[in-house]
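Listed below, chain by chain, are the residues.
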Amino acid sequence: MRQISNKRFCLVVFAMLLTFSAELHAWGLTGHRVVAEIAERNLNRKAKKEIKKLLEGSSMAYWANWPDEIRSDSTHSWQHTFNWHYVNFQSGLTFEQLSVNLENYPVENIYSAINLNTTKLKNKSLSLSERRVSLYFLIHLIGDLEQPLHIGREEDLGGNKIEVNWFSSKTNLHSVWDSKLIDYYKYSYTEYSSLLDIHSKKVNKNLASGDLKYWIYDSYLLADKVYDEIKTYEKLDYQYAYYHKEILDLQLLKGGLRLAKVLNEIFSSY
Ligand code: ADE
Ligand code: ZN
């Protein structure tokens, strides 16, 4: 009897740890792989060639979640990158106000990290392994950029502190957008990528237009909407998935196409 309750206790603790660690992650595994896969399919010849060299033949999707995985590195050597996945703002900013805030943001964040890793990947005098790490981060962070709650609000840690019911389990709003919505559809990452990456060059160019600041503002506006409408949902289930399928697909597709654009640009100077 005693043993059973100990086992139960361990299971509960384990389940709590899983929930807690999931909170810290970004788009779940599938989301990041979809972004990476769509990007890889939209690389030009030069970028494809250079990335093949850097990744020694492995796929971009294979590395897409590495910047989340290193949070578990017991040497703590990656701790300086933990802020790189997001940036938070107060609500109601104009694009100009957000731009000024971004330039003066007091700590490293997704904007400074994407700029830093772009500069490093462009710098051919850096070692192969240094540039490889920057590539891993760009694959991941340009994905995080389109998860709207990664451009969230400080007071609730991008929705991590907003408790919601997803079907019959308790979770938080951030986690719904990271993975619950995506996993609901049960596609593999290759299936999902093929379903999304179906548009003409012209449409793709349009979806990847603008620059990093504009992309951040794009997600920021979407986050505002996500925060706002959550008040109208008592629990999130079929209806929430139904009403957000289109925007979820669009965010993943934009992530992939924007990542391809950034990488095509970086390697054009190689
Ligand atoms: N931690 C604090 N703010 C966050 C955000 N917007 N996204 C993910 N993790 C966070
Ligand atoms: Zn992340």
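Predicted model, so just to flag it, every value in this text is computed and none were measured.

Rules of the game
Residues numbered from 1 in each chain as written. Chains lettered and ligands numbered in written order. Predicted model: local features only at pLDDT ≥ 70, side-chain atom pairs only at ≥ 80, totals over all residues. Heavy atoms only, no water. Near = heavy atom within 4 Å. Polar contact = N/O pair within 3.5 Å; in protein donor to acceptor, adjacent residues only side chain to side chain. Nonpolar A, V, L, I, M, F, W, Y, C, P; charged D, E, K, R; others polar. Helix = DSSP H or I, 4+ residues; strand = E, 2+ residues; numbered from the N terminus. Buried < 20%, exposed > 50% of the residue type's maximum accessible area, 1.4 Å probe, protein only. Contact = heavy atoms within 4.5 Å. Axes fitted to C-alpha atoms, helices over the stretch in contact; angles between N-to-C directions. Parallel < 35°, antiparallel > 145°, perpendicular 65-115°, else oblique. Phe/Tyr/Trp six-rings, centres within 6.5 Å; stacked < 30°, edge-to-face > 60°. Lys NZ or Arg CZ within 6 Å of the ring centre and 35° of its normal. Donors = N, O, S within 2.8 Å, 3.2 Å for Na, K, Ca; no water. Salt bridge = Lys/Arg side-chain N within 4 Å of Asp/Glu carboxyl O.

Novice: Sorry if this is basic, but what is going on with the site of ligand 1 here?
Specialist: The environment of ligand 1 is formed by Tyr86, Asn88, Leu149, His150, Leu157, Gly158, Asn160 and His174. Taking Asn88, its side chain carries an N or O atom lying 2.8 Å from a nitrogen atom of ligand 1. One of the backbone nitrogen or oxygen atoms of Leu149 is found 3.0 Å away from a nitrogen atom of ligand 1. Its residues assigned to classes, the shell around ligand 1 comprises three nonpolar, five polar and no charged.

Novice: What am I meant to see in the side chain of His32 here?
Specialist: Looking at the secondary structure, you find His32 in helix H2 (residues 29–41). Accessibility expressed as a relative area gives 0% for His32, which makes it buried. Residue contacts for His32: discarding those within four places in its chain leaves Ala26, Trp27, Ala64, Asn65, Asp68, His140, Gly143 and Asp144.

Novice: Looking at this structure, how should I read the packing of helix H9 (residues 173–184) against helix H13 (residues 238–268)?
Specialist: Running from N to C, H9 and H13 point in directions that differ by 90 degrees, and their axes come no closer than 10 Å. The angle between the axes of H9 and H13 places the two elements in the roughly perpendicular class. Each of Leu173, Val176, Trp177, Leu181, Ile182 and Tyr184 in H9 lies in contact with H13, whose residues at this interface are Tyr238, Tyr240, Ala241, His244, Ile247, Leu248 and Leu252. Residue composition of the contact of H9 with H13, by class: 12 nonpolar, one polar and no charged.

Novice: Is there a simple way to think about the packing of aromatic side chains in this case?
Specialist: Tallied over the entire structure, the rule returns 21 aromatic pairs. Geometrically, the ring pair formed by Trp66 and Trp78 is edge-to-face, given 5.0 Å between the ring centres and 80 degrees between the ring planes. Of this pair, Trp66 sits in helix H5 (residues 66–69) while Trp78 sits in the loop between H5 and strand S1 (87–88), and the two are 12 residues apart along the sequence. With a relative accessible area of 15%, Trp66 lands in the buried category. Between Trp166 and Tyr184 the ring centres are 6.2 Å apart and the planes differ by 85 degrees, which places this aromatic pair in the edge-to-face class. Note that Trp166 is positioned in strand S3 (residues 163–166) and Tyr184 in helix H9, a separation of 18 residues in sequence. On the basis of relative accessibility, which here comes to 8%, the residue Trp166 falls in the buried class. Residue Tyr184 is classed as partly exposed on the basis of its relative accessible area, which comes to 30%. By the ring-pair criterion, three or more aromatic residues cluster together here, those being Tyr62, Trp63, Trp66, Trp78, Trp84, Tyr136 and Phe137. Over the aromatic face of Tyr185 sits the side chain of Lys245, whose NZ or CZ is 4.0 Å from the ring centroid.

Novice: Explanation requested: the coordination of the zinc ion (ligand 2) in the structure shown.
Specialist: Reference geometry at the metal: tetrahedral coordination by four donors gives ideal angles of 109.5 degrees; octahedral coordination by six donors gives 90 or 180 degrees. Within the protein, the atoms that donate to the zinc ion (ligand 2) are His85 (ND1), His140 (NE2) and Asp144 (OD), at distances of 2.0 to 2.3 Å. The sequence pattern describing where the donors of the zinc ion (ligand 2) fall on their chain is H-x54-H-x3-D. With His140 and Asp144 both in helix H8 (residues 128–144) and four residues apart, the pair spans about one turn of that helix. The class for Asp144 is buried, based on a relative accessible area of 0%.

Novice: Would you mind showing me how to read the pattern of salt bridges here?
Specialist: Where charged atoms of side chains with opposite charge meet at close range, the side chains can pair. In total, this model carries 12 salt bridges according to the counting rule given. Note that Asp68 is salt-bridged to Arg71, the shortest N-O span being 3.0 Å. Among the salt bridges present, the one from Arg153 reaches Asp224, with a minimum N-O distance of 2.7 Å. Residue Arg153 is located in the loop between strand S2 (151–152) and S3, and its partner Asp224 is located in helix H12 (residues 212–229); the two are separated by 71 residues in the primary sequence. Take Asp224: its relative accessible area is 22%, and that puts it in the partly exposed class.

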